[in-house]
Amino acid sequence: LVLSPNYVQAKLDMFLIYGTLGRTGEAEAIRNELSSVFSVDLIKLLDTYLVYWGGEEEAAIASLDKLANSQEIPANYKGVSYLAFGENEKAFSFFQTAADQDDPYVGEMMLTQARVLSREHWQSIKKTAKFMSFMKRFGYDDTWPAELENRANSITDFTKVTVRAKGGLE
């Protein structure tokens, strides 16, 4: 954000990091900044995260279900959101859609977002047959756990160091 203050993906990532850390006021401030550049449905998606972080999991999932058919929200974003909310089955259908649309980042996004956003959800999916089958589409074989876990951990560690440098994570 220092190098490129208008880089939307960095702001979106900071929104997710702040919310995950429980710093919803800062997440909401970023949401408000993004409202001038995001579509209405993408802002509704961010609002859904705020509802989820506020402890209203069922309401957040219901809101996400209403946004599921939106053409304004990329399939991989929907998948990551369902994954973050613990709705693994729903998440996989959107990741499959993104993969079918040749989204080059869906494998990485699924891996890193699952690991960074929610440790417990990551633990629940990382060794399932469905996840293995999905990752094989991206060239990973049965030796994937160590390689992907190392990559996910390095991204998580980088995130923690970055947030700590800003005075966030203890």
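Note that the coordinates shown come from a computational prediction; the quantities given were computed from them, not determined experimentally.

Undergrad: What is the right way to read the overall build of the chain from this model?
TA: Across its full length, the chain carries 10 helices and zero strands. Written out in order from the N terminus, the α and β elements of the chain read α-α-α-α-α-α-α-α-α-α. For the chain, the residues scored as buried account for 45% of the 170 residues in total. When contacts within the chain are restricted to residue pairs at least 6 apart in sequence, those whose partners lie at least 24 apart make up 54%. Total accessible area computed for the chain in this model is approximately 9100 Å², and 52% of it derives from carbon and sulfur atoms.

Undergrad: Would you explain the packing of aromatic side chains in this entry?
TA: Here a ring pair, both rings aromatic, is described through the centre-centre distance and the interplanar angle of the planes. Evaluated as defined, the whole model comprises five aromatic pairs. Residues F15 and W53 carry aromatic rings whose centres are separated by 5.1 Å and whose planes lie at 50° to one another, so their mutual orientation is tilted. With F15 in helix α1 (residues 8–20) and W53 in helix α3 (residues 40–53), this residue pair connects regions lying 38 residues apart in the sequence. By relative accessible area, which is 0% here, F15 ends up buried. Geometrically, the ring pair formed by Y49 and W53 is tilted, given 5.4 Å between the ring centres and 50° between the ring planes. With Y49 and W53 both in helix α3 and four residues apart, this pair spans about one turn of that helix.

Undergrad: What is the right way to look at α1 in this model?
TA: Because the α-helix completes a turn every 3.6 residues, residues three or four places apart line up on one side. Under the 1.5 Å per step criterion, the end-to-end length of α1 is 18 Å for 13 residues, consistent within 8% with the ideal 18 Å. Those residues of α1 lying buried are A10, K11, L12, M14, F15, L16, I17, Y18 and G19. One or two residues past the end of α1 sits G22, with phi positive at roughly 85°.

Undergrad: What should I look at first to understand helix α5 (residues 75–84) in this one?
TA: When you tally the buried positions in α5, you get 10 out of 10 residues, the bulk of the element. Inspection of α5 places A75, N76, Y77, K78, G79, V80, S81, Y82, L83 and A84 among the buried residues, and these make up the whole buried set. Downstream of α5 by one or two residues, G86 has phi in the positive range, about 80°.

Undergrad: For this particular structure, what's the right way to read the packing of α3 against α5?
TA: Helix packing geometry: the angle between the two helix axes and the distance between the axes. Contact pair α3 / α5: the axes reach a minimum separation of 11 Å and the direction vectors enclose 10°. Relative to α5, α3 is oriented roughly parallel. On α5, the residues that touch L42, L45, Y49 and Y52 of α3 are Y77, V80, S81 and A84.

Undergrad: Honestly, the pattern of salt bridges in this entry has me stumped. Any pointers?
TA: Close approach of charged atoms lets side chains of opposite charge pair. The tally for this structure, following the rule as stated, stands at six salt bridges. The partner of K90 in a salt bridge is E87, and the shortest N-O contact between them spans 3.6 Å. According to the relative accessible area criterion, K90 is partly exposed, its value standing at 30%. With a relative accessible area of 24%, E87 lands in the partly exposed category.

Undergrad: Would you take a moment to explain the nonpolar core for this structure?
TA: What tends to happen in soluble globular proteins is that the nonpolar side chains get buried as a cluster. If you look at the biggest cluster of nonpolar residues, it comprises 34 residues, and the most contacted ones within it are F15, F38, L45, L46, Y49 and F85. At seven residues, α3 tops the list of elements feeding residues into this core.

Undergrad: What should I look at first to understand the environment of K78 in this one?
TA: Secondary-structure assignment places K78 in helix α5. On the basis of relative accessibility, which here comes to 6%, the residue K78 falls in the buried class. Residues contacting K78, with those up to four places away along its chain left out, are L67, A68, N69, S70, I73 and F94.

Each value, and the rule that gives it
- One numbering rule holds for all chains: residues counted from 1, following each sequence as written.
- The predicted nature of this model means local features are confined to residues of pLDDT at least 70 and side-chain atom pairs, given and counted, to a pLDDT of 80 or more, with totals for whole chains, interfaces and linings taken over all residues.
- Computation of side-chain values covers all heavy atoms of the structure but excludes hydrogens and water.
- Only DSSP runs of H or I reaching four residues or more are called helices, and only runs of E reaching two or more are called strands; each is numbered from the N terminus.
- Exposure classes here rest on a 1.4 Å probe applied to the protein chains alone. A residue is buried below 20% of its type maximum, exposed above 50%, and partly exposed in between.
- Contact criterion: two residues are considered in contact whenever any of their non-hydrogen atoms come within 4.5 Å of each other.
- Each accessible area is a Shrake-Rupley estimate made with a 1.4 Å probe; only the visible protein chains count as cover when residues are assessed.
- Pairing of aromatic side chains here covers Phe, Tyr and the six-membered ring of Trp, requires ring centres within 6.5 Å, and sorts the geometry by plane angle: under 30 degrees stacked, over 60 edge-to-face, intermediate tilted.
- In a helix, the anticipated span is given by 1.5 Å times the number of residues less one.
- To define axes, lines are fitted to C-alpha atoms, for helices over the stretch in contact only, and angles between the resulting N-to-C directions are given on a 0 to 180 degree scale.
- Roughly parallel means an angle under 35 degrees; roughly antiparallel, over 145; roughly perpendicular, 65 to 115; everything else is oblique.
- Any carboxyl oxygen of Asp or Glu that lies within 4 Å of a side-chain nitrogen of Lys or Arg is treated as forming a salt bridge with it.
- Note on terminology: a nonpolar core comprises buried Ala, Val, Leu, Ile, Met, Phe, Trp, Tyr and Cys residues joined through side-chain atoms within 4.5 Å.

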